[in-house]
Amino acid sequence: MKIGNALYFDHQATTPLDARVLDKMRPYLEDSFGNPHSSDHNFGWCAAQAVDDASRQVAQLIGADSDEIVFTSGATEANNLALLGLARKAARDTRQNILLGTSEHKSVLAVGHVLESQLGYKVKHIPVDCHGHVLLDQLYEIINDDVFFISIMAVNNEIGTIQRLKTISDIARQHGVIFHCDAAQAPCATDLSKITEHVDLLSLSAHKMYGPKGIGALYARRELQNLVEPMIYGGGQQNNLRSGTIPTALCVGMGTAAELMASPQALAERLAIANLRDQFVEKLQSLPWPIEINGPMLGRDRHPGNANLRFDGFSAHEILGALQPRLAASTGSACTTGIPEPSHVLMEIGLTPDQADSSIRFSIGRFTTKQDIEEAAELVADALSRIANAGIVQTA
Ligand code: PMP
């Protein structure tokens, strides 16, 4: 996708708003501005109807019912609500262990620290293999009837690994362990229509699926909702799980985005994106520098738009700088940008700090064209030559 002269290859940081989503949102930012909780007039009823429809659309994406959807400000809040909510409500004398994947997003890992330091739980981390898949034998070893819940992401935001959620769920169920899944990156990567058969709580974010920023959702299985303590108290909206006026337009945006993601065209879209991604990688790998793929092989186990590539001997920041302002990509997770540490995900899959510092995540999406791929590959080739000619390539 090209905006002016700039190519956008950072869809896993955020996706552009789909014009069809904006069209559906617009009336709720204009004349239909009523408060969905105003029960005495038509403005309120219209907004409430729009929120109900949006809940249904989000629920349909994941095979849930509308009353199992709690709108939040994003996946960060949904992750916090799930993990802190369960932990704060549970009786002190029950299961005291919590399991988290090591390559989870910071909004899960940081909550893990709070669960340990403030709430007294024992948090254990399950390692991943060199492709980012949770090590199932380690999970088997660690899990037992003292584990309260487990949180494993559906799709990794840096290297695109698609986890084997069914197997993880089967293991969790053998021990009566609640399973939370951060699925923020999943709608663009895989079919989620049956995912609630395997998970008990699940987090989503609208801005990772061509919806607006500032809204996400937590799916909480109906029977588990009374096990979750809210984080925000007030008027008791959303079944007491998240007080505050629901932002109608944002919900409509998320609902529409979810409906597009669940449409019959979604599979073809994922295949087309994967095909373009593969062409991009192939073009780069034909350049006269060694360029490796971090994470799983290109194929079924990987987010179709994700290419996390390693340019050994080069600095990722140097390359990204040389690409400005023509091509936007990133070093791993945007949420940790600013922290001068190598990506924890890349370290967990076995890269050295130098290799992590040479890695760039390119992520393409719905509006990326073949021409974008060709231009982007040329821009990267040009950036690499300029850096190499300037002599700032480190020898490995
Ligand atoms: N989890 C994952 C896997 C993500 O990629 C992100 C966004 N980087 C989040 C959670 C947080 O989502 P949000 O921006 O909606 O808070």
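Worth saying up front: this structure is predicted, and the values here are computed from it rather than measured.

Peer 1: Please set out the overall build of the protein chain residue by residue, giving values where relevant.
Peer 2: Scanning the protein chain from terminus to terminus reveals twelve helices and 13 strands. Over its C-alpha atoms the protein chain spans a radius of gyration of 22 Å, differing by no more than 12% from the 21 Å that the globule rule assigns to 396 residues. Projected onto its principal axes, the C-alpha positions of the protein chain cover 70 × 55 × 35 Å. Taking all 396 residues of the protein chain together, the buried fraction comes to 56%. Looking at the protein chain alone, contacts between residues at least 24 apart form 75% of all its contacts between residues at least 6 apart. For the protein chain, the accessible surface area stands at approximately 16,700 Å², while carbon and sulfur atoms represent 52% of it. Distance from the positive charge centre (32 side chains) to the negative charge centre (45 side chains) of the protein chain: 2 Å.

Peer 1: Residues and numbers for unusual backbone geometry, please.
Peer 2: Residue Pro325 is reached from Gln324 by a cis peptide bond, and omega for that bond is 0°. Examined against the element boundaries, Pro325 turns out to sit in the loop between helix H9 (316-323) and strand S12 (327-328). Positive phi outside glycine occurs at Gln238, with the angle close to 50°. With respect to the helices and strands, the residue Gln238 is situated in the loop between strand S9 (216-220) and helix H7 (248-261). Judged by relative accessible area, Gln238 falls into the buried class, the value being 15%. Here the phi dihedral of Asn239 falls at roughly 60°; this positive angle occurs in a residue that is not glycine.

Peer 1: Give me the site of the ligand: which residues, what numbers.
Peer 2: Near the ligand you find 15 residues, and of these Thr76, Asp182, Gln185, Ser205 and Lys208 are the closest. Between the ligand and Ala75 there is a distance of 2.8 Å, counted from an oxygen atom to a backbone nitrogen or oxygen. A distance of 2.8 Å separates an oxygen atom of the ligand from a polar side-chain atom of Gln185. Here the ligand, which alone exposes 400 Å², has 90% of that area covered by the protein. Element by element, the count of residues in the shell around the ligand is highest for helix H3 (residues 75-89), at three residues. Split by residue class, the shell around the ligand holds four nonpolar, nine polar and two charged.

Peer 1: Can you break down the state of the cysteines residue by residue, with the values?
Peer 2: All chains considered together, the criterion is met by zero disulfides. With no disulfide of its own, Cys188 lies 15 Å from the sulfur of Cys181, the closest cysteine sulfur. By relative accessible area, Cys188 is classed as buried at 14%.

Peer 1: With reference to specific residues and values, describe the sheet that holds strand S3 (residues 69-72).
Peer 2: Taken in spatial order, the seven strands of this open sheet run S3-S9-S8-S7-S6-S4-S5, and their pairing is mixed. Both edges of this open sheet fall to S3 and strand S5 (122-126), since each of them pairs with a single strand only. Looking at each pair of strands side by side, their axes are set apart by 20° on average, direction ignored. Here strand S4 (residues 97-101) runs beside strand S6 (residues 147-151); their pairing, made up of four bridges, is parallel. Each residue of the ladder has a partner; that of Asn97, found in S6, is Val147. The sheet contacts of H3 involve S3, S4, S6, strand S7 (178-182), strand S8 (201-205) and S9, and relative to S8 the element is tilted by about 160°.

Peer 1: Would you mind going over the packing of aromatic side chains in detail, with residue names and values included?
Peer 2: Per the stated rule, a full pass over the model turns up eight aromatic pairs. With centroids separated by 5.8 Å and ring planes inclined at 85°, the aromatic side chains of Tyr210 and Phe367 adopt a geometry described as edge-to-face. In this pair, Tyr210 is assigned in the loop between S8 and S9 and Phe367 in the loop between strand S13 (359-363) and helix H12 (370-389), connecting sequence segments 157 residues apart. You can call Tyr210 buried: its relative accessible area is 1%. Aromatic ring contacts, followed pair by pair, group Phe9, Phe280, Phe311 and Phe362 into a single cluster.

Peer 1: So what's going on with the nonpolar core? Which residues, and what values?
Peer 2: If you look at the biggest cluster of nonpolar residues, it comprises 60 residues, and the most contacted ones within it are Ile62, Phe71, Ile150, Leu202 and Met254. At seven residues, the largest contribution of residues to this core is made by H7. In contact with Met254, other than residues within four places in its own chain, are Val58, Phe71, Leu204, Ser205, Ala206, Met209, Pro212, Ile215, Gly216 and Ala217. Ile273, Leu320, Leu323 and Ile373 belong to the second-largest nonpolar core, a separate cluster that totals 32 residues.

The rules behind each value
- Residues numbered from 1 in each chain as written.
- Predicted model: local features only at pLDDT ≥ 70, side-chain atom pairs only at ≥ 80, totals over all residues.
- Heavy atoms only, no water.
- Helix = DSSP H or I, 4+ residues; strand = E, 2+ residues; numbered from the N terminus.
- Rg over C-alpha atoms; globule rule 2.2 N^0.38 Å.
- Buried < 20%, exposed > 50% of the residue type's maximum accessible area, 1.4 Å probe, protein only.
- Contact = heavy atoms within 4.5 Å.
- Areas by Shrake-Rupley, 256 points an atom, 1.4 Å probe, with all protein chains shown as cover.
- Lys, Arg positive; Asp, Glu negative; His and termini not counted.
- Charge placed at Lys NZ, Arg CZ, Asp CG, Glu CD.
- Near = heavy atom within 4 Å.
- Polar contact = N/O pair within 3.5 Å; in protein donor to acceptor, adjacent residues only side chain to side chain.
- Nonpolar A, V, L, I, M, F, W, Y, C, P; charged D, E, K, R; others polar.
- Disulfide = S-S within 2.5 Å.
- Pairing = 2+ DSSP bridges.
- Axes fitted to C-alpha atoms, helices over the stretch in contact; angles between N-to-C directions.
- Phe/Tyr/Trp six-rings, centres within 6.5 Å; stacked < 30°, edge-to-face > 60°.
- Core = buried A, V, L, I, M, F, W, Y, C linked by side-chain atoms within 4.5 Å.

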